[in-house]
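Given next are the chains, with one letter for each unit.
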Amino acid sequence: MSERVGRRSVLEERYRRWLRLLPGSYRAEREEEMVAAFMEGARREPAGHDDQRPRLLEVASVAALALRLRLGGPGSPPGAYLWGEAVRLAALLGLVFWTMIAGLYAGQAVLTYGIPVDALPDGVMGIGDPGSPERARLVLADLTPLLWAAGLGALVRGRVRIAKAAAIAALVVPYVLVPPFLGWDSALGWDGAVRWACAALPAVVPALALVIGFHRDAPPPRLPTRRALLLLALPIAAGLLLSVVVGVLGAATRAETVSAELLIPAWMWLDTTGLACVSLTAIAVWCALRYRTPGRPAAPVALAGAILTVPAVLARAGTMPPGATGVTGLSATLQLAVLVASGITLAVIGARGMRAAEAGLTEVRGRPG
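Every chain is numbered on its own, with residues counted from 1 as its sequence reads. Whole-chain, interface and lining totals are the exception, using all residues; otherwise, since this is a predicted model, local features are given only for residues with pLDDT of at least 70 and side-chain atom pairs are given and counted only at 80 or more. Only hydrogens and water are set aside; all other atoms, that is, all heavy atoms of the structure, feed into the side-chain values.

A closer look at the overall build of the protein
Then, in step 1: Secondary structure elements follow DSSP: runs of H or I of four or more residues count as helices, runs of E of two or more count as strands, with numbering from the N terminus. Counting its secondary structure elements, the protein contains 13 helices and zero strands.
Then, in step 2: Start at the N end of the protein and walk to the C end: the helices and strands fall as α-α-α-α-α-α-α-α-α-α-α-α-α.
Then, in step 3: We call a residue buried when its accessible area falls under 20% of the maximum for its residue type, exposed when it is over 50%, and partly exposed in between, using a 1.4 Å probe and counting protein chains only. Counting across all 369 residues of the protein, residues that qualify as buried make up 41%.
Then, in step 4: Contacts: residue pairs with any heavy atoms within 4.5 Å of one another. Taking the intrachain contacts of the protein between residues at least 6 apart in sequence as the baseline, contacts between residues at least 24 apart amount to 74%.

Next comes the structure, spelled out in structure tokens:
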């Protein structure tokens, strides 16, 4: 009997250790009740169960609850609400960015695959023969990012489950099912795997923010139909415009009307990392200007931008052209420097806004207008 009690005390201590993931105020109110419930459940377990360790589902439930409480919705403490809004805004901004990339890829697909092969210039290679499986897979790789647009449209209309499913599908299809079309090459070994993972991070982080940020205590945005369509149309239109720019630059390169070396900086700023750098810099400038305006807090947007800057920095650092010098190396280094500077700016503004909110100097209730 004493051995059984000893094992229970070990189990109880381990339950309490996991409950430290919860905010202190919540734990002070509910810890004893939760421990009692966990211990009662452990007593009902079969004799063969290891009663010295919490079950995996119990640990997962505590972790999920901790995330939900620390990323609070309306009515939560200022700090939890601010972090929750930051994560949810990171998801929204990430979806907007990847919807723009979807427009870019879709426009490129139309310009490339919508033209008969015989009419294409000699410099265009690797698009596959019409009707071939190779071309079908290439077209699929270019159109898959439209799932991000579907996720954005679902989110702004308040359909969170559909948005989460679309975002997860947007990750799974290109990064798991068809990795060869996104730079994966198993022959590259560990270095290739690291570079591929770094390239994937800017898409993984917004999807993760969407999954964990929009929980049952945090209602999603539900915009009117007209505003929702506008928010969806603008990034797609921007992406289509970028696809035209890419097409013009490609034609100029093939026709040799402009030196290819002179166009390297343009190409560096028109890839995913370069466009992320421009977008995050714009957010940093906006937050800096807004921060200087009394009564207009920029903390949630700044924290969201800081969250999104981390994977962008890792993506740029992890995919730096090996041994690149000259214009290519300078452009990549400049992007990395701009991203780091933007991230620091956003983190400082967000941290100051967080302290102000927690001190009760500001009241954050709702997204900045």
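Here's the deal with the environment of Pro-235
Then, in step 1: With respect to the secondary-structure elements, Pro-235 resides in helix 9 (residues 225-255).
Then, in step 2: Excluding residues that lie within four positions of it along the chain, Pro-235 makes contacts with Val-96, Thr-99, Met-100 and Leu-152.

Examining the packing of helix 4 (residues 78-113) against helix 5 (residues 133-143)
Axes are the key here: two packed helices are described by the angle between their axes and the distance separating the axes.
Then, in step 1: The axes used here are C-alpha line fits, helices contributing only the stretch in contact, and every angle between their N-to-C directions lies in the interval 0 to 180 degrees. Viewed as axis vectors pointing N to C, helix 4 and helix 5 meet at an angle of 150°, and their least axial separation amounts to 8 Å. Here helix 5 runs roughly antiparallel to helix 4, going by the angle between their axes. Residues Tyr-105, Ala-106, Ala-109 and Tyr-113 of helix 4 touch helix 5, and the partners they reach there are Arg-135, Leu-138, Val-139, Asp-142 and Leu-143.
Then, in step 2: Throughout this entry, Asp, Glu, Lys and Arg are counted as charged residues, while Ala, Val, Leu, Ile, Met, Phe, Trp, Tyr, Cys and Pro are counted as nonpolar. The remaining residues, Gly among them, count as polar. Among the residues forming the contact of helix 4 with helix 5, the class breakdown is seven nonpolar, no polar and two charged. Roughly parallel covers angles under 35 degrees, roughly antiparallel covers those over 145, roughly perpendicular covers 65 to 115, and oblique covers all other angles.

Considerations on helix 12 (residues 299-318)
Then, in step 1: By this rule the span expected of a helix is its residue count minus one, scaled by 1.5 Å. Taking 1.5 Å per residue as the helical rise, helix 12 with its 20 residues ought to reach 28 Å, and the 29 Å between its terminal C-alpha atoms agrees with that figure.
Then, in step 2: For helix 12, the tally of buried residues reaches 16 of 20 residues, placing the bulk of the element in the interior.

Topic: the environment of Ile-307
Then, in step 1: The topology assignment puts Ile-307 in helix 12.
Then, in step 2: Take Ile-307: its relative accessible area is 24%, and that puts it in the partly exposed class.
Then, in step 3: In sequence terms Ile-307 and Val-205 are 102 residues apart; their C-alpha atoms lie 8.3 Å from each other.
Then, in step 4: With residues up to four places along the chain from it excluded, the contact list for Ile-307 reads Ala-86, Val-87, Ala-90 and Val-205.

Quick notes on the packing of aromatic side chains
Then, in step 1: Side-chain rings of Phe, Tyr and Trp (the six-membered ring for Trp) are treated as a pair once their centres are within 6.5 Å; stacked means planes under 30 degrees apart, edge-to-face means over 60, and tilted covers the remaining angles. Tallied over the full model, the rule gives three aromatic pairs.
Then, in step 2: A centroid spacing of 5.5 Å and a plane angle of 85° characterise the contact between Phe-97 and Trp-98, whose relative ring orientation is edge-to-face. Both residues of the pair, Phe-97 and Trp-98, count as buried.
Then, in step 3: Judged by relative accessible area, which is 7%, Trp-98 ranks as buried.

Examining the side chain of Asp-142
Then, in step 1: Turning to its location among the elements, Asp-142 is positioned in helix 5.
Then, in step 2: Given the relative accessible area of 19%, Asp-142 is considered buried.
Then, in step 3: Beyond its immediate chain neighbours, meaning those up to four positions away, Asp-142 contacts Tyr-105, Ala-106, Ala-109 and Tyr-113.

So, the layout of surface pockets
Space left empty within the atom packing is revealed by a probe, the size of a water molecule, rolled over the atoms.
Then, in step 1: Definitions used throughout: a 1 Å grid over protein atoms alone; a cavity as a set of points that fits a 1.4 Å probe which cannot get out; a pocket as an open set with protein on both sides within 12 Å along at least five of seven lines; a lining residue as one with an atom within 4 Å of a point. Grid points are joined across faces, edges and corners, and a volume is the space filled by probe spheres set on the points. Here the largest pocket defines a volume of roughly 1,000 Å³.
Then, in step 2: Taken together, 32 residues make up the lining of the largest pocket; nearest its centre are Leu-89, Leu-92, Leu-93, Val-96 and Leu-231.
Then, in step 3: Taken together, the elements giving at least two residues each to the lining of the largest pocket come down to helix 4, helix 8 (189-213), helix 9, helix 11 (272-291) and helix 12.
Then, in step 4: Tallying contributions element by element places helix 4 first for the lining of the largest pocket, with eight residues.
Then, in step 5: A per-class count over the lining of the largest pocket returns 27 nonpolar, three polar and two charged.

As for the pattern of salt bridges
Then, in step 1: For salt bridges, the criterion is a side-chain nitrogen of Lys or Arg within 4 Å of an Asp or Glu carboxyl oxygen. For the coordinates displayed, the defined rule picks out nine salt bridges.
Then, in step 2: We note a salt bridge from Arg-16 to Glu-12, for which the minimum N-O separation is 2.9 Å. Taken together, the residues Arg-16 and Glu-12, both in helix 1 (residues 2-19) and four residues apart, mark about one turn of the helix.
Then, in step 3: A relative accessible area of 27% places Glu-12 in the partly exposed class.
Then, in step 4: Salt bridges sharing common partners tie together Glu-12, Arg-16, Arg-27, Glu-31 and Glu-32.

Quick look at the packing of helix 4 against helix 12
Then, in step 1: Between helix 4 and helix 12, the least distance of the axes is 8 Å, while the angle of their chain directions is 60°. If you check the angle between helix 4 and helix 12, you find them oblique. In this structure, helix 4 crosses over helix 12, and the sense of that crossing is right-handed. Within the contact between the two elements, helix 4 uses Leu-82, Trp-83, Glu-85, Ala-86, Val-87, Leu-89, Ala-90, Leu-93 and Gly-94 and helix 12 uses Ala-299, Pro-300, Val-301, Leu-303, Ala-304, Ile-307 and Leu-308.
Then, in step 2: Across the contact of helix 4 with helix 12, the residue classes tally to 14 nonpolar, one polar and one charged. Crossing handedness is read from the near helix: turned anticlockwise from the far helix by less than a right angle, it gives a left-handed crossing, and turned clockwise, a right-handed one.

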